[in-house]
Amino acid sequence: MKIAFFDSGIGGLSVLHHAMKILPDEEFIFFADEDNVPYGVKSREQVLGYVDAAFKFLTAQNVGAIVVACNTATSAAVRAMREKYSLPIVGMEPAIKLALDLYPNRKVLVTATEITIRGEKIHKLINRLHAKNLVNLRALPKLVDFAERQEFHSDAVENYLREEFAPYDWENFSSVVLGCTHFNYFKDTMKKILPAQIKFLDGNAGTLNQLVRLANLRVGEGKKNPPVEYFYSGRRVTSSEELARLESYLRRLDEMEVII
Ligand code: DGL
């Protein structure tokens, strides 16, 4: 089956990267909305419009399922897309439940974009988990721009994270939830700043479990080089320079994968 992975930019590669390792029989399309990234600082209506345009394109590509590999687009638009299209659509959910299951009664810092943090979806989730007192939310919009520029551990990144992480009493925390798919690229820099006991959790495995269930896929050892067609806002990526850019993100994700 051909499966589409969609994100505002290169963050969704972190979900695709995982899928390539566990889905040996599938082909992939990756759609990065590079014309409109970042989504997180725009209005929900704008994001809904971008997602709608991407879905129009992707549903014409003969795909069997679409993974919205973007927490922001999931928060703003997944419900509307499910009403409009009948193919399986899988969104992202910040791994708050996983964090609380693994580390009961310990605090969690959920990092995400403004849209995700202000959205109804995450607050409903926190209420459902009765976790208001255990969850702190923090928007880290600058990480999206840093990631798009492939700037992962400059002084600017480090200073930004140090400042954003400064207000918390980390002794009481178990983990940082990466509630934006662009944030997976910064695990090493975050690790350098935070106390050693802090773990990193993301929603990638949860999203792919859901995809496997909904689209009835076989899980196994993924192929080394599964077929992937890359698109920037609907334009096929063919230049060797851009393909090398995408490849270098995937190699960085190899390094980040082992940091927990
Ligand atoms: N990668 C996206 C997410 O998971 C959003 C980044 C952005 O465009 O602001 O939330």
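See the structure above.
Residues numbered from 1 in each chain as written. Predicted model: local features only at pLDDT ≥ 70, side-chain atom pairs only at ≥ 80, totals over all residues. Heavy atoms only, no water.

## Considering the overall build of the chain
- When helices and strands are tallied, the chain shows 11 helices and 10 strands.
- For the chain, whose C-alpha radius of gyration is 17 Å, the value lies close to the compact-globule estimate of 18 Å for 260 residues.
- Its C-alpha atoms give the chain principal-axis dimensions of roughly 50 × 40 × 40 Å.
- With 260 residues in all, the chain has 53% of them scored as buried.
- Once local pairs closer than 6 in sequence are excluded, the contacts in the chain between residues at least 24 apart make up 78%.
- Accessible surface for the chain amounts to roughly 11800 Å². Of this, 49% is attributable to carbon and sulfur atoms.
- A distance of 5 Å separates the average location of the 33 positive side-chain charges in the chain from that of its 33 negative side-chain charges. (Helix = DSSP H or I, 4+ residues; strand = E, 2+ residues; numbered from the N terminus. Rg over C-alpha atoms; globule rule 2.2 N^0.38 Å. Buried < 20%, exposed > 50% of the residue type's maximum accessible area, 1.4 Å probe, protein only. Contact = heavy atoms within 4.5 Å. Areas by Shrake-Rupley, 256 points an atom, 1.4 Å probe, with all protein chains shown as cover. Lys, Arg positive; Asp, Glu negative; His and termini not counted. Charge placed at Lys NZ, Arg CZ, Asp CG, Glu CD.)

## Examining the pairing of strand S3 (residues 65-68)
- Judged by which residues are buried, S3 turns out to be covered on both faces: Ala 65 and Val 67 on one side and Ile 66 and Val 68 on the other are all buried.
- As paired strands, strand S1 (residues 2-7) and S3 are joined by 4 bridges and run parallel to one another. The partner of Phe 5 across the bridge, within S3, is Val 67.
- In this fold, the crossover linking S3 to strand S4 (residues 89-90) by way of helix H3 (residues 71-84) has right-handed handedness. (Pairing = 2+ DSSP bridges. Right-handed = clockwise from strand over helix to strand, strands pointing away.)

## Regarding the environment of Asn 204
- Tracing the sequence through the fold places Asn 204 in helix H10 (residues 204-215).
- Counting along the chain gives 157 residues from Asn 204 to Val 47, while the straight-line C-alpha distance between them is 21 Å.
- Once residues within four sequence positions are removed from consideration, Asn 204 is found in contact with Ser 14, Val 15, Met 92 and Asn 184.

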